[in-house]
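A closer look at the structure
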Amino acid sequence: VISKQTRFVESIYHVEEPHVFSSSPLFVDTIYANEDVASRMGLIPGSKLYRVQRMRYVNGIVYCFIESYINPELAPDMDKLELDLHITENLVKHYGLKRTDTREWFEAVDTDFKTSQFLGVGAGHAVLSAVRVGYGGETIFDYTQRFYSPTVYQLKIHHQIDPALDEVAPNTPDEAHT
């Protein structure tokens, strides 16, 4: 560890208070992993996955589009279940899966056409993306990417380097994607 996060501040702006948050119902379909998703999940491209898509709103305004990928070997027939709004709770309730660890990082990414339409920005517009890989023991069981509307959402990370620490953090699988 060479540094530490001292504060993490999320803000919703340009939206009147009080802020009322809501989510769209989960939409689940079956896809085949592209190279990026496969590599982040430790799978081979073309592996079958469940994709779960949803929107998050503040006062009825979209502030976040979310795509999660679940390995169907760990959650068979997930696409046939009646799911409530929280993926992790569904994985515990229906399959006994429990997240024991997560790795999360933030990226500025250019939106594709679909994401730009959901967020109300032009295609190719840079947005904040938060990526999380969830583990159950040594097994990756979900990969989630959240895309935030730049007109509504703001993230501030206060980061402090600690010169007293000289240990270097090990490479992580996501470094190939930065």
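Small disclaimer: the values here were computed from a predicted structure and weren't measured. (Residues numbered from 1 in each chain as written. Predicted model: local features only at pLDDT ≥ 70, side-chain atom pairs only at ≥ 80, totals over all residues. Heavy atoms only, no water.)

All right, on to the overall build of the chain then. Looking only at helices and strands, the chain has 3 helices and 9 strands in total. Listing every helix and strand of the chain by position from the N terminus yields β-β-β-α-β-β-α-β-α-β-β-β. A total of 178 residues make up the chain; the buried ones form 39% of that total. Taking as baseline every contact in the chain between residues at least 6 positions apart, the subset at least 24 positions apart corresponds to 63%. (Helix = DSSP H or I, 4+ residues; strand = E, 2+ residues; numbered from the N terminus. Buried < 20%, exposed > 50% of the residue type's maximum accessible area, 1.4 Å probe, protein only. Contact = heavy atoms within 4.5 Å.)

Turning our attention to helix H2 (residues 87-95). The α-helix winds at 3.6 residues per turn, so residues separated by three or four positions along the chain end up facing the same way. Listing the buried residues of H2 in full gives Ile87, Thr88, Asn90 and Leu91. Down the axis of H2, the smallest arc covering the buried residues is 160°, so these residues share one side. Where H2 is buried, its residues touch strand E4 (48-58), strand E5 (61-70) and strand E8 (139-148). At the exit of H2 stands glycine 96, carrying a positive phi of roughly 70°. (Arc of directions from axis to C-beta.)

Before going further, it helps to spend a moment on the environment of glutamate 35. With respect to the helices and strands, glutamate 35 occurs in helix H1 (residues 35-41). Of the residues examined, glutamate 35 reaches a relative accessible area of 63% and is grouped as exposed. Between the C-alpha atom of glutamate 35 and that of serine 47, which follows or precedes it by 12 residues, the distance is 9.8 Å.

Once that is clear, we can look at the layout of surface pockets. Where empty space is left becomes clear once a probe the size of a water molecule has been rolled over the atoms. One number sums up the size of the second largest pocket: a volume of about 260 Å³. As for the second largest pocket, its lining consists of 17 residues, and the residues nearest its centre are Asp36, Glu67, Asp112, Gln145 and Phe147. Broken down by secondary-structure element, the contributors of at least two residues to the lining of the second largest pocket are H1, E5, strand E6 (101-110), helix H3 (113-119) and E8. (1 Å grid on protein atoms, 1.4 Å probe; cavity = no way out; pocket = protein on both sides within 12 Å on 5 of 7 lines; lining within 4 Å. Points joined across faces, edges and corners; volume = space filled by probe spheres on them.)

Another aspect to go through is the confidence of the model for the chain. The predicted model of the chain averages 81 in pLDDT, with 80% of residues at 70 or higher. A low-confidence stretch, residues 169-178 stays under pLDDT 50, and its non-local contacts, those more than four residues away or across chains, total 7 contacts. (pLDDT = per-residue confidence, 0-100.)

The next thing to look at is the packing of aromatic side chains. Two aromatic rings are characterised by how far apart their centres lie and by the angle between their planes. If you walk through the whole model with that rule in mind, you get 7 aromatic pairs. A ring pair is formed by tyrosine 63 and tyrosine 153, whose centres lie 6.3 Å apart and whose planes are at 15°; its orientation type is stacked. Of this pair, tyrosine 63 sits in strand E5 while tyrosine 153 sits in strand E9 (residues 153-161), placing them 90 residues apart in sequence. A relative accessible area of 8% places tyrosine 153 in the buried class. Their ring planes at 40° and their centres at 4.6 Å tell us that phenylalanine 65 and phenylalanine 118 sit as a pair that is tilted. A residue pair is termed long-range when its members are at least 10 positions apart, and phenylalanine 65 in strand E5 and phenylalanine 118 in helix H3 qualify at 53 residues. By way of ring pairs, the aromatic residues Phe21, Tyr63, Tyr148 and Tyr153 are connected into one cluster. (Phe/Tyr/Trp six-rings, centres within 6.5 Å; stacked < 30°, edge-to-face > 60°.)

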